Amino acid sequence: MDKFEILKKLPTPCYVIDEEALLRNLKILQSVEKNAGCHILLAQKAFSSYCTYPLISEYISGTTASGIFEAKLAREEMGNRQVHVFSPAYKDEDFDELLKICDHIVFNSFSQWKHFRQKALQHPEIEFGLRINPEYSEIETDIYNPCFANSRLGITLENFEENELDGISGLHFHTMCEQGAETLERTIVHIEEKFGKYLHRMKWLNFGGGHHITKPDYNVEKLISIVRHMKEKYKLDIYIEPGEAVAIDAGFLVSTVLDLTKNGMNLGILDTSAACHMPDVLEMPYRPFIIGSELPDILPYTYRFGGPTCLAGDIIGDYSFDHKLAIGEKLIFTDMAMYSIVKNNTFNGMPLPSIYLLKADGNTVLVKKFGYEDFKSRL
Ligand SMILES: *Cc1c(COP(=O)(O)O)cnc(C)c1O
């Protein structure tokens, strides 16, 4: 049976993680690790469906976490692979626990480093690093730009305390978002110019995330040559921690048309919500793709789709189809594995979509089903 026919038979709304697509991404990332001689870590904030961690752990070096919960999840579910963590600020009680879990701990400021240094230095098995802000990025949307004016993320050169580096073995930067190796190449120039003198004293450098490595037009050769350049010039181990690139195009959200109405145009109300089930559609913002659709007015029947919440702006987008839609029809949204499952919520009492895994052999497995108790238990 056709993949999309399988998806349309599932109860909606549901996310479906596509194991075959995930594997395609992982194989590319594995080849970068091998050919560049670097380490690639899954940034769990983009995708932490841990049913796939055994598979992911076969291909890449490990994961990175944004705090104690993601670090714990990685340690529990990804066996003995590396667990790194970066947070803008750690709490004392979390830090004690992180010391038992993590291979690398990255600090966002010298004051955090000095606060935790004494405890940290009792753990020679852990590597400690600092996040720097090179004050260079090519991200246009401020909400996704760690280098915008007065950003709290990373230490600028002006605030870098070169006499406090004892015990620090690496530097970390994260200044990219859905970008190519050309952006990395230009960014590295600024990293070297500003922080090159400190890199000579380090063991490792972490390039952060935002590298669109598994997109078809990404220049993998350029990435590899940048990694090699930094490795050789400064004698560094290189880490890259993509989120998107691991799970890009590796999942679907299947939905049902609940009602069709009109107000100046055709409207469709679905059993899925932009605000609750794909919040990046509103936050980023972007227009997710629906299988079999085109941009508005390309095909004869155009609809604006929205969710069943009371938020007026809970609008997914405008789409055209070659046929008149029917109530009960299933729609399949693509690229819904990353930054969707991890960000969903139950605003308006919206039920959470179930999670299925579409195995490489074509079988679907129910991973999680949510109900009223999941809504109630958080309130
Ligand atoms: C968000 C983030 C990542 C992952 O970014 P992607 O855009 O998903 O690749 C990696 N590292 C840090 C510190 C981040 O904040």
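Not measured: the values here are computed from a predicted model.

*Asks:* What is the right way to read the overall build of the protein from this model?
*Replies:* When its secondary structure is counted, the protein shows twelve helices and 16 strands. For 379 residues, the compact-globule formula gives about 21 Å, and the C-alpha radius of gyration of the protein, at 22 Å, lands near that figure. Contacts in the protein between residues at least 24 apart in sequence constitute 67% of all its contacts with a sequence separation of at least 6. Across the protein, 39 positive and 53 negative side-chain charges occur, with their mean positions spaced 2 Å apart.

*Asks:* Looking at this model, I keep getting lost on the pairing of strand β12 (residues 301–306). Mind explaining?
*Replies:* Every other side chain in a regular strand lies on the same face of the sheet, so the side chains alternate between the two faces. One ladder, built from four bridges, connects strand β11 (residues 266–270) with β12; its direction is parallel. Bridge assignment links Leu-267 to a residue of β12, and that residue is Arg-304. Bridge count between β12 and strand β13 (residues 315–321): six bridges; the pairing is antiparallel. Bridge assignment links Thr-302 to a residue of β13, and that residue is Ser-320.

*Asks:* Honestly, the site of the ligand in this entry has me stumped. Any pointers?
*Replies:* Surveying the vicinity of the ligand reveals the residues Ala-43, Lys-45, Arg-131, His-172, His-174, Gly-209, Gly-210, Glu-241, Pro-242, Gly-243, Glu-244 and Tyr-339. Glu-241 places a side-chain nitrogen or oxygen 2.7 Å from a nitrogen atom of the ligand. For the ligand, an oxygen atom lies 2.6 Å from a polar atom in the side chain of Tyr-339. Computed on the free molecule, the ligand has an accessible area of 390 Å², of which 88% lies beneath the protein chains in the complex. Here the residues of the shell around the ligand are counted per class, giving three nonpolar, five polar and four charged.

*Asks:* Got a minute to help me understand the domain arrangement of the protein in this structure?
*Replies:* Accessible area lost when the parts come together is the quantity often used to give the size of an interface. Domain boundaries in the protein define domain 1 (3–16 + 251–336 + 344–377) and domain 2 (37–247). Relative placement of domain 1 and domain 2: their C-alpha centres are 34 Å apart. Domain 1 puts seven residues into the contact, and the matching count from domain 2 is nine residues. The junction of domain 1 with domain 2 conceals about 590 Å² of combined surface from both sides, 57% of it contributed by carbon and sulfur atoms. Counting across the domain 1 and domain 2 interface gives zero salt bridges. Between the two partners, domain 1 and domain 2, sit three residue pairs in polar contact (both at pLDDT 80 or more). Among the secondary structure elements, those contributing two or more residues to the side of domain 1 that touches domain 2 are α11 (280–283) and β16 (364–368). Within the side of domain 1 that touches domain 2, the residues separate by chemical class into three nonpolar, no polar and four charged.

*Asks:* Teacher, can you tell me more about the sheet that holds strand β7 (residues 170–172) here?
*Replies:* Hydrogen bonds between backbone atoms are what pair the strands of a sheet, whose relative direction is either parallel or antiparallel. Taken in spatial order, the eight strands of this closed barrel run β2-β3-β4-β5-β6-β7-β8-β9, and their pairing is parallel. The average undirected angle you get between the axes of adjacent strands in this sheet is 25°. Note that strand β6 (residues 127–131) and β7 share three bridges and pair parallel. Residue Arg-131 lies in a different strand from β7, and its bridge partner there is His-172. Contacts from helix α4 (residues 68–77) reach β3 (62–65) and β4 (82–86), with the element oriented near 165° to β3.

*Asks:* Where do I start with the packing of helix α5 (residues 92–101) against helix α6 (residues 110–120) in this structure?
*Replies:* The geometry of a pair of packed helices is captured by two quantities: the angle between their axes and the separation between those axes. Where α5 meets α6, the axes come as close as 11 Å, and the angle between the chain directions of the two elements is 40°. With respect to each other, α5 and α6 are oriented oblique. In the crossing of α5 with α6, the sense of the turn from one axis to the other is right-handed. Along the contact surface, α5 presents Asp-92, Phe-95, Asp-96 and Leu-99, while α6 presents His-115, Phe-116, Lys-119 and Ala-120. Split into classes, the residues belonging to the contact of α5 with α6 amount to four nonpolar, one polar and three charged.

*Asks:* Where do I start with the packing of aromatic side chains in this structure?
*Replies:* Given two aromatic rings, their pairing is described by the distance between the two centres and the angle made by the two planes. With the rule as written, the count across this model stands at 21 aromatic pairs. Their ring planes at 35° and their centres at 5.6 Å tell us that Phe-173 and Phe-207 sit as a pair that is tilted. A residue pair is termed long-range when its members are at least 10 positions apart, and Phe-173 in the loop between β7 and α7 (181–199) and Phe-207 in the loop between β8 (204–206) and α8 (220–234) qualify at 34 residues. Through successive ring pairs, a cluster of aromatic residues spans Tyr-90, Phe-95, Phe-107, Trp-113, Phe-116 and Phe-128. Positioned above the aromatic ring of Phe-86 is the side chain of Arg-131, whose terminal nitrogen or guanidinium carbon lies 4.8 Å from the ring centre.

*Asks:* Honestly, α5 in this entry has me stumped. Any pointers?
*Replies:* Residues lying three or four places apart along an α-helix face the same way, a consequence of the helix completing one turn every 3.6 residues. All of the buried residues along α5 are Phe-95, Leu-98, Leu-99 and Ile-101. The buried residues of α5 all sit within an arc of 165° when viewed along its axis, so they share a single face. Buried positions along α5 lie against α4, β4, β5 (104–107), α6 and β6.

*Asks:* So what exactly am I meant to see when it comes to the packing of α4 against α5 here?
*Replies:* Close contact between α4 and α5 brings their axes to 10 Å; oriented N to C, the two are set at 25°. Classified by the interaxial angle, the pair formed by α4 and α5 is roughly parallel. Seen along the crossing, α4 lies across α5 with a hand that is left-handed. Of the residues in α5, those touching α4 at Ile-68, Ala-71, Lys-72 and Arg-75 are Asp-94, Glu-97, Leu-98 and Ile-101. Here the contact of α4 with α5 is built from residues that sort into four nonpolar, no polar and four charged.

*Asks:* Can you walk me through the side chain of Asp-318 in this structure?
*Replies:* Note on placement: Asp-318 falls in strand β13. Residue Asp-318 is classed as buried on the basis of its relative accessible area of 19%. Side chain to side chain, Asp-318 and Arg-304 meet in a polar contact 2.7 Å long. Apart from the residues within four sequence positions on either side, Asp-318 is in contact with Met-265, Arg-287, Pro-296, Tyr-303 and Arg-304.

Reading the values: the criteria
- Residues numbered from 1 in each chain as written.
- Predicted model: local features only at pLDDT ≥ 70, side-chain atom pairs only at ≥ 80, totals over all residues.
- Heavy atoms only, no water.
- Helix = DSSP H or I, 4+ residues; strand = E, 2+ residues; numbered from the N terminus.
- Rg over C-alpha atoms; globule rule 2.2 N^0.38 Å.
- Contact = heavy atoms within 4.5 Å.
- Lys, Arg positive; Asp, Glu negative; His and termini not counted.
- Charge placed at Lys NZ, Arg CZ, Asp CG, Glu CD.
- Pairing = 2+ DSSP bridges.
- Near = heavy atom within 4 Å.
- Polar contact = N/O pair within 3.5 Å; in protein donor to acceptor, adjacent residues only side chain to side chain.
- Areas by Shrake-Rupley, 256 points an atom, 1.4 Å probe, with all protein chains shown as cover.
- Nonpolar A, V, L, I, M, F, W, Y, C, P; charged D, E, K, R; others polar.
- Domains from an automatic or database assignment.
- Buried area = accessible area lost by both parts, 1.4 Å probe.
- Salt bridge = Lys/Arg side-chain N within 4 Å of Asp/Glu carboxyl O.
- Axes fitted to C-alpha atoms, helices over the stretch in contact; angles between N-to-C directions.
- Parallel < 35°, antiparallel > 145°, perpendicular 65-115°, else oblique.
- Left-handed = near helix turned anticlockwise from the far one by under 90°.
- Phe/Tyr/Trp six-rings, centres within 6.5 Å; stacked < 30°, edge-to-face > 60°.
- Lys NZ or Arg CZ within 6 Å of the ring centre and 35° of its normal.
- Buried < 20%, exposed > 50% of the residue type's maximum accessible area, 1.4 Å probe, protein only.
- Arc of directions from axis to C-beta.

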